[in-house]
Amino acid sequence: MASIVPEGIPDFLASLFRSESRRILASLIRLLGDFDLAEDGMHDAFTAALEVWPKDGVPDHPRAWLVSTGRFKAIDRLRRSARFTTSLETLAELPDEGPPGSVEEEGVDDDRLRLIFTCCHPALSPEACTALTLREVCGLTTEAIARAFLTAPSTLAQRIVRAKAKIRDVGIPYEIPSRTELPARLDAVLKVVYLVFNEGYSASSGEALTRPDLSGEAIRLGRLLLELLPDPEVMGLLALMLLQESRRAARASSEGDLVLLEDQDRSLWDRALMAEGRALVDQALASRRVGAYTLQAAIAAVHAEAADTSATDWSRIIGLYSLLARIAPSPVVELNRAVAVAMRDGPQAGLDLTDALLACRDMTEYHLAHAVRADLCRRLGRTEEALVSYRQALQMVQQGPERRFLERRVAELQK
């Protein structure tokens, strides 16, 4: 590894923590069999590196060093605690910590996939599976996950604690299921992977529009899942993520501001990702086992095929959304369909559908529903109604680029 001067090691470790901490944690959970012990060991390892690396230099394989040191520190911590709380017989049964640096990197690349299947075990509730995976595999804060689920952070934290305890008490194995078990376990895993991608594609809060680390990790996990099980819905999910990711460079301005689909420079779209995604969509549709992810990918493919917004086949998109609403009903799907209807039939048609959705309690707290209504009213020249809806959306939005976009719309209407 290239030599790093001692003064640069704190910054190097901070960067390493951002890029590798979740992989390191996953490996430590595999080795230690305990979430909390693994997290303590990981933090102890980074603290040790901050002390050791300036004197001894950065090791050739930093991640392997941190994993093995974290395991060493965790078992040492466990042994010291056990001396005061357990019998000598129990103490003798604890694993040998081994010397620091003794753990190989074998299997590290699959550890997060193993961890996802552990977190998505049927013994856990779907809500617990998703929350635990987003927290432990992807490192999202409890607050960010709570916002995604419209749940109080304290409730979400308790859910995560209970899920960890159940994994420990039931003895849920840290492994990828056998091929015969995979289909039954797949739905929850796909849901989690897609939620991770969504957080990367459009961050739930903060000043950045996207989090490429999360969307990139979700795509990597999608590819691993497809290798493991070439199921049409795995193809559909991977296709959807690739097609959406292909637009990343055009979705924000050089200042980091949101650029709507209709205003994007389509020459910036990644043609290689688009081609790969469209090929997977075709393959999934050909199977005739069409699920929700495949339909969403097919919608994204229609957008990818159009030279601009006016050339988009909105009738086809509406038809796909109608089918999606039948197999996976959701107010958000209906809202997206309303937007497509407005593009084909005019803003009044879309507004009628949006107002009907906003009459449902589930949508009144969804900022994008108010933003859609505001935009449709703006297009109809109903300025005062548009301003009211924009301000309602502003009260709920958590993301900086979206907030600035809405504020600009308000400022334009007030001129």
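Before any of the text, the structure's been laid out above.
Read on for a plain summary of the structure. (Residues numbered from 1 in each chain as written. Predicted model: local features only at pLDDT ≥ 70, side-chain atom pairs only at ≥ 80, totals over all residues. Heavy atoms only, no water.)

## Focus on the packing of helix 11 (residues 232-245) against helix 13 (residues 292-305)
Stated formally: Note on method: axes are straight lines fitted to C-alpha atoms, helices fitted across the in-contact stretch only, with angles between N-to-C directions ranging 0 to 180 degrees. Per the convention used, a helix needs a DSSP run of H or I reaching at least four residues, while a strand needs a run of E reaching at least two, with both numbered from the N terminus. Each crossing gets its handedness from the near helix: less than a right angle anticlockwise from the far helix is left-handed, clockwise is right-handed. The contact criterion used is simple: two residues touch if any of their non-hydrogen atoms lie within 4.5 Å. Note that Gly is not counted as nonpolar here; it falls among the polar residues with everything else outside the nonpolar set of Ala, Val, Leu, Ile, Met, Phe, Trp, Tyr, Cys and Pro and the charged set of Asp, Glu, Lys and Arg.
Interaxial distance between helix 11 and helix 13 falls to 8 Å at its minimum, and their mutual angle equals 35°. Classified by chirality, the crossing of helix 13 by helix 11 is left-handed. Packed against helix 11, whose contacting residues are P232, E233, G236, L237, A239, L240 and L243, the element helix 13 presents A292, Y293, T294, Q296, A297, A300, A301 and A304 at the interface. Residue classes in the contact of helix 11 with helix 13 are distributed as eleven nonpolar, three polar and one charged.

## Looking at unusual backbone geometry
The backbone of R288 sits at a positive phi, close to 65°, despite the residue not being glycine. With respect to the helices and strands, the residue R288 is situated in the loop between helix 12 (271-286) and helix 13.

## A word on the nonpolar core
Stated precisely, the cut-off is as follows: As used in this record, nonpolar core signifies buried Ala, Val, Leu, Ile, Met, Phe, Trp, Tyr and Cys residues forming a set joined through side-chain atoms within 4.5 Å. Only protein chains enter the calculation, and the probe is 1.4 Å; a residue is then buried if its accessible area is under 20% of its type maximum, exposed if over 50%, and partly exposed in between.
The biggest cluster of nonpolar side chains holds 102 residues, and the ones touching the most others in it are W53, L66, V193 and L225. If we skip the residues at most four places from it in the chain, L225 touches L113, F117, L186, V189, L190, V193 and V234. Counting 24 residues, the second-largest nonpolar core is a separate cluster that includes L209, L258, L357 and L413.

## With respect to the environment of E207
Along the chain, E207 turns up in the loop between helix 9 (182-201) and helix 10 (212-228). The class of E207 is exposed, set by a relative accessible area of 60%. Sequence separation between E207 and T141 is 66 residues; the distance between their C-alpha atoms is 15 Å. Setting aside anything within four residues of it in sequence, one finds E207 in contact with G400, P401 and R404.

## With respect to helix 6 (residues 126-136)
Within helix 6, eight of the eleven residues are buried, which leaves it mostly tucked inside the rest of the structure. Those residues of helix 6 that fall on the buried side of the exposure criterion are A128, C129, T130, A131, L132, T133, L134 and E136.

## Comments concerning the packing of aromatic side chains
Stated formally: Each Phe, Tyr or Trp ring (for Trp, its six-membered ring) is paired with any other whose centre lies within 6.5 Å, and the angle between the two planes then decides the class: stacked below 30 degrees, edge-to-face above 60, tilted in between.
As enumerated under the stated definition, the model contains six aromatic pairs in all. With a centroid separation of 6.5 Å and an interplanar angle of 10°, the aromatic rings of Y194 and F197 are classed as stacked. Linking Y194 with F197, this pair stays in helix 9, spanning three residues, or about one helical turn. Judged on exposure class, the residue Y194 and its partner F197 are both buried. An angle of 15° between the planes, with centres 5.7 Å apart, marks the rings of F197 and Y201 as stacked.

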